[in-house]
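For reference, the chains in residue letters:
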Amino acid sequence: MWRNLLGLFSNDIGIDLGTANTLVYSKDKGIVLREPSVVAIHSATRRVLAVGDEAKKMLGRTPGNITAIRPMKDGVIADFDITEAMLRYFIKKVQTAKIIPPRVVIAIPSGITEVEKRAVKESATHAGAREVMLLEEPMAAAIGVGLPVEEPAANMIVDIGGGTTEVAIISLAGVVYAKSIRVGGDELDAAIINYMKRAYNLLIGERTGEEIKLRVGSANTLDEEMTIEVKGRDSVAGLPKTIIISSQEIREALADTVSAIVEAVRSALERCPPELSADLVDRGFVLAGGGALLRGIDRLLCDRTGLPVTIADDPLSAVANGTGAVLAELNDLLPYVTSNAKD
C-alpha cells in the first residue's frame, strides 16, 4: 500500500546520460524526454542560460559572453557542475506535480572508473534524485532491444553511442565479457571536420560535421553514391566557401574510426568462450545506439565477422528502454544494476 501511495507523489525514472543526447524514461509513460546533452552558460558567471534543444541551437553561434558546452565527454562527466545543472533541469521537467524526489536508474559505460561512477551518482543526487542506481550500458541496451539475457546462451550487443562504443557478451543475466572504447559518433564527426580541413582547407563546425555524417556518411559501399553541398570558411583566404563532396570521400574520412569499432567487436569475439561462440554463429549480434544508423555499418560488420548482424528496431532508444525495464521490475532485475563486467 505504501509503495502505491508513494507512486502518487514520486515518479521513478531511467536516464540514458549520453555524450550526445540524454533520454529520460518515466516508469508510467515510457520515454518522455529526448534532448541534446548541451548547456549554454554565461561565460563570466557560469549561470545556466539554456539546456537541451535550445542550447544546441547555440553551438558555434554564440557571442563572446555566452558559451554552449557539452558537459559529457567520452561517456563520462567532463564538467561536474554543468552536468548537475543539466540533470536538475531534465529531472524537474519530467517530475511535474510530484512531491517526493524520484528514484533514478542511470546507464553508464562499462569501462568507467569507480571515481567516474561516484561522480555520476553525486551529480544525480545533487540534482534531486532520492536514490541513484547505476546500470551498465551494454546490459541496458540488451534488455532494451529484447534480448533473452537470462537464458544460458550467448547474447551479444554492440552499442555505438556518441562518446563510446560498448561491446558485451551476456549469458545467464551476467556480462561474460565487456569491451568499452572511447570511440563513437563524436569521433566520426571529428574525422569529417579534420578531413574537410586537410583536403579542402575548409573549416566547418560540429553541427555541420554531424549533418554531413547523417546525410551522406557510410561505412560500406553504397548502391548509389550521394553528394552534398558543404559551406564553411576557407582557412587560407579567410572567406566563406562552398564545395561539393561525395559520400565516397566521407566514407574514406570515416574509415579509421569505423575500423576501431570493428576491431573492438573482433576483440570481444576472440575472448568469447567456445560454447558461447557456437551460439553466436546462429544468433549473431545486435547493433544499438545512434552509430547503428550509419549506412552500411551492419553489412561491414557482417563481412568482417562472418556473423548475422541485426539493427535494433529503435537503436536510439535501446538504452533508455532498458532502464525502463529495470524500473518496471526493479526487485527482479536488481542484479543488473551491479557491476559484474570484466575486461
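This structure is a prediction, so every number in the text was calculated from the model and none was measured. (Residues numbered from 1 in each chain as written. Predicted model: local features only at pLDDT ≥ 70, side-chain atom pairs only at ≥ 80, totals over all residues. Heavy atoms only, no water.)

Things to note about the nonpolar core
Stage number 1. Counting residues in each nonpolar core, the largest one holds 46 residues, and the members touching the most others are Met 156, Met 196, Ile 212, Val 230, Val 258, Phe 285 and Leu 287.
Stage number 2. Among the elements that line this core, the one with the most residues is helix 8 (residues 247–270), at ten residues.
Stage number 3. Grouped together as the second largest cluster of nonpolar side chains are 28 residues, Val 76, Val 104, Ala 124 and Leu 134 included. (Core = buried A, V, L, I, M, F, W, Y, C linked by side-chain atoms within 4.5 Å. Buried < 20%, exposed > 50% of the residue type's maximum accessible area, 1.4 Å probe, protein only. Helix = DSSP H or I, 4+ residues; strand = E, 2+ residues; numbered from the N terminus.)

Describing the environment of Ala 318
Stage number 1. Relative to the helices and strands, Ala 318 is located in helix 11 (residues 318–328).
Stage number 2. Given the relative accessible area of 2%, Ala 318 is considered buried.
Stage number 3. Residues Ala 318 and Ser 267, spaced 51 residues apart in sequence, show a C-alpha to C-alpha distance of 23 Å.

Things to note about the domain arrangement of the protein
Stage number 1. Looking at the protein, the domain boundaries give domain 1 (13–140 + 317–340), domain 2 (149–183 + 255–311) and domain 3 (185–247).
Stage number 2. Of note, the centres of domain 1 and domain 2, computed from C-alpha atoms alone, are 25 Å apart.
Stage number 3. With 19 residues of domain 1 at the contact, the number on the domain 2 side is 18 residues.
Stage number 4. Across the interface of domain 1 and domain 2, roughly 1300 Å² is buried in total on both sides, 56% from carbon and sulfur atoms.
Stage number 5. At the junction of domain 1 and domain 2, the tally comes to one salt bridge.
Stage number 6. Residue Glu 116 is joined to Arg 182 by a salt bridge in which the shortest nitrogen-to-oxygen separation is 3.4 Å.
Stage number 7. Counting residues per element, the ones that place at least two in the side of domain 1 that touches domain 2 are helix 5 (137–144) and helix 11.
Stage number 8. Looking at which element gives the most residues to the side of domain 1 that touches domain 2, the answer is helix 5, with three residues. (Domains from an automatic or database assignment. Contact = heavy atoms within 4.5 Å. Buried area = accessible area lost by both parts, 1.4 Å probe. Salt bridge = Lys/Arg side-chain N within 4 Å of Asp/Glu carboxyl O.)

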